[in-house]
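# Descriptive structure summary
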Amino acid sequence: MFETDALRLLVTVADTGSFTAAAIQLNYTQSAVSRRIGTLEQQAGGPLFERLPRGVRLNPAGQALHRHAVDVLERLSRAQQELTVIHAGHGGMLRVGAFATANISLLPAALREFRRARPEVEIVAVEGRSATLMERLAAGALDLAVVSDYPSGLPSAEGTTTTALLKDELFVALHHEHPLAEADSVNLRDLRDEAWIQDAYGDRPTMLADACARAGFTPRKIIRIAEWTGKFGYVAAGLGVALVPSLATWAIPPELALRRLADPPLRRTVHMALPAVPLPAALKLGELLRGAAG
């Protein structure tokens, strides 16, 4: 394997046409240049230069290695430049994950400001459940994650840190003609006979299962709809009711009425998670997330 310094020396000798001139340019001794070129020729399996009365020039083998050396050195130079801007937080890629309702307004608001502040950074955004996002963060597949602690607690992952961003209250969404749509607040138990619009129930902890258990009942019927637009559509059609985090209220259609719960109110905490040694760009986005949450 050829060393980078040896390839750089090869290129300099070829450009100057002289061991002595290359030594002066690189601050080597002439004998050191001769030795290192000799070692490089041994590694290459034969001579790379023609020794002339005045200087040297590449032979065919040297010309072949010179082409590759120039390519390698240019690639390394570009890599160094790219790493410099990444470490400065002004370039490269930033991989961001968030749970579904954080992608409705919280994260997009922060990313809008981030794009203005760091237009050279490429954002790759993914959506997932909090536990999955923390696993990906710990595995090095994400640079920042927005996660929630409700209903099964804040997921933990080795080598990560978390910071609370905001308290997210849960509301109940009703059709605007529902009998309780005009109430100041709603007792969850008064909705025990309703059909609930929910993406999952019973196979893992959910906000709805936890809330209903606290109110002392099990929902009569579950309509399994995963996406928030679909949930809102079903409620707007009068087919059921749904729990809605405050983060999602930005997307509520006018046919729906949002009412606070009185049983007592349910709240979750939204956190930002970072690796132990975060990228500068991730720290900048974290700053903007705190501003958006505030």
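Residues numbered from 1 in each chain as written. Predicted model: local features only at pLDDT ≥ 70, side-chain atom pairs only at ≥ 80, totals over all residues. Heavy atoms only, no water.

## Side note on the nonpolar core
Using the following cut-off: Nonpolar cores are built from buried Ala, Val, Leu, Ile, Met, Phe, Trp, Tyr and Cys residues. Side-chain atoms within 4.5 Å join them into one set. For each residue, the accessible area found with a 1.4 Å probe, counting protein chains only, is set against the maximum for its type, and the residue is called buried under 20%, exposed over 50%, and partly exposed in between. Here a helix means four or more residues in a row that DSSP labels H or I, a strand means two or more in a row labelled E, and each is numbered from the N terminus.
Ranked by size, the top nonpolar core spans 25 residues in total, and within it Leu106, Val146, Leu165, Leu285 and Leu289 carry the most contacts. Among the secondary structure elements, those contributing two or more residues to this core are β3 (93-98), α5 (106-117), β5 (144-148), β6 (160-175), β12 (266-275) and α9 (280-293). At 6 residues, the largest contribution of residues to this core is made by α9. Core analysis: the second largest hydrophobic core is formed by 19 residues, Phe19, Leu48, Phe49 and Leu73 among them.

## What to know about the pairing of strand β1 (residues 49-52)
Using the following cut-off: Being paired, for any two strands, means DSSP has found at least two bridges between them.
Summarising the sheet, β1 and strand β2 (residues 55-58) pair through 4 bridges and their orientation is antiparallel. Residue Arg51 lies in a different strand from β2, and its bridge partner there is Val56. Hairpin connection between β1 and β2: a loop of 2 residues separates the two successive antiparallel strands.

## What about helix α8 (residues 228-236)?
Our working definition: What the arc covers is the set of directions going from the helix axis to the C-beta atoms. Contacts are residue-level and defined by heavy atoms, with any inter-residue pair within 4.5 Å sufficient.
For α8, every residue scored as buried is listed here: Trp228, Lys231, Phe232, Val235 and Ala236. Taken around the axis of α8, the buried residues stretch over an arc of 130°, which confines them to a single face. Where α8 is buried, its residues contact β6, β8 (195-198), β10 (242-245) and β11 (256-261). Gly238 sits one or two positions beyond α8 and adopts a positive phi of about 75°.

## Describing unusual backbone geometry
Not every positive phi belongs to a glycine, and Asn27 is a case in point at roughly 65°. Here Asn27 lies in the loop between α2 (19-26) and α3 (30-44). Residue Asn27 is classed as exposed on the basis of its relative accessible area, which comes to 71%.

## Here we look at the packing of α5 against α9
Stated precisely, the cut-off is as follows: Between N-to-C directions, angles span 0 to 180 degrees; the directions come from axes that are lines fitted to C-alpha atoms, helices contributing only their stretch in contact. Here the angle decides the label: under 35 degrees means roughly parallel, over 145 means roughly antiparallel, 65 to 115 means roughly perpendicular, and every other value means oblique. For a crossing to be left-handed, the near helix must be turned anticlockwise from the far one by less than a right angle; the clockwise case is right-handed. Note on residue classes: Ala, Val, Leu, Ile, Met, Phe, Trp, Tyr, Cys and Pro are nonpolar, Asp, Glu, Lys and Arg are charged, and everything else, Gly too, is polar.
Where α5 contacts α9, the axes come no closer than 8 Å and their chain directions differ by 130°. For the element pair α5 / α9, the angle class is oblique. As for how α5 packs across α9, the hand of that crossing is right-handed. Within the contact between the two elements, α5 uses Leu106, Leu107, Ala109, Ala110, Leu111, Glu113, Phe114 and Ala117 and α9 uses Ala281, Lys284, Leu285, Leu288, Leu289, Ala292 and Ala293. Considered class by class, the residues forming the contact of α5 with α9 number 13 nonpolar, no polar and 2 charged.

Treat this as a map of the structure, not an account of what it does.
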